[in-house]
Amino acid sequence: MEMTPLYMAETAEFLSGEGYRLTVGRAHYGEGALAAKSTRYELLRGGHQHFVLETVEHPEACTRYFLEVVDFFGMRAFSFPLDSWKFFDDRIEFKFVPVDATGLGLSFIIEFDAVPQPG
């Protein structure tokens, strides 16, 4: 699957169907002709599942994708570039940009049925 702004939006919509409350926002980084525009997808479910997916589009460079883990049952991670992601009926898999020296990258997988639900 090719990583595109449309696929990021589809991913956020998919997660909203899995019980995440979705809020879409916009941001700008930089100024003038070199300013990059951003679409931010804030996703919340229950009391301890809070993520931000972000697409940053630069007018003279490539589009980049990010994941911030705001809270996942006490775990958090600052916004970090994504290499790729895929969603399935039962899970979503995020792969962070790999380290150049090794080619290895961290993967973060959420299995929807394995995550406790409130109430």
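The structure this text deals with has already been given above.
Peer 1: Explain the nonpolar core to me, and be specific about the residues and the numbers.
Peer 2: Ranked by internal contacts, the top residues of the largest apolar core, which has 23 residues, are L53, L67, L82 and F108. Among the elements of the structure, α1 (5-16), β2 (36-45), β3 (49-57), β4 (63-72), β5 (75-87), β6 (91-96) and β7 (107-111) are those that each provide at least two residues to this core. Among residues more than four places away in sequence, those in contact with F108 are F51, L67, V69, F72, M75, I92, E93, F94 and F96.

Peer 1: Describe the environment of M1, listing the residues and the values that go with them.
Peer 2: Mapped onto the fold, M1 is located in the segment before α1. In this structure M1 comes out as exposed when scored by relative accessible area, which is 68%. For the pair M1 and S84, spaced 83 residues apart in sequence, the C-alpha to C-alpha distance is 8.6 Å.

Peer 1: Explain the pattern of salt bridges residue by residue, including any values.
Peer 2: Across all of its chains, the model carries three salt bridges by this definition. Across the pair R91 and D90 runs a salt bridge whose closest N-O atoms are separated by 3.0 Å. Taken together, the shared-partner salt bridges in this structure form one network comprising D90, R91 and E93.

Calculation criteria
- Within each chain, residue numbers correspond to sequence positions counted from 1 in written order.
- Predicted model: local features are reported for residues with pLDDT of at least 70 only, side-chain atom pairs are reported and counted for 80 or more only, and whole-chain, interface and lining totals are derived from all residues.
- Heavy atoms throughout the structure, all of them, feed into the side-chain values; hydrogens and water do not.
- Only buried Ala, Val, Leu, Ile, Met, Phe, Trp, Tyr and Cys residues count toward a nonpolar core, and they belong to the same one when joined by side-chain atoms within 4.5 Å.
- For the exposure calls, accessible area comes from a 1.4 Å probe over protein chains only, and a residue counts as buried if that area is under 20% of its type's maximum, exposed if over 50%, partly exposed in between.
- In DSSP terms, a helix is any run of H or I states spanning at least four residues, a strand is any run of E spanning at least two, and both are numbered starting from the N terminus.
- In what follows, residue pairs with any heavy atoms lying within 4.5 Å of each other are defined as contacts.
- The term salt bridge refers to a pairing of a side-chain nitrogen on Lys or Arg with a carboxyl oxygen on Asp or Glu at a separation within 4 Å.

Geometry only, nothing functional implied.
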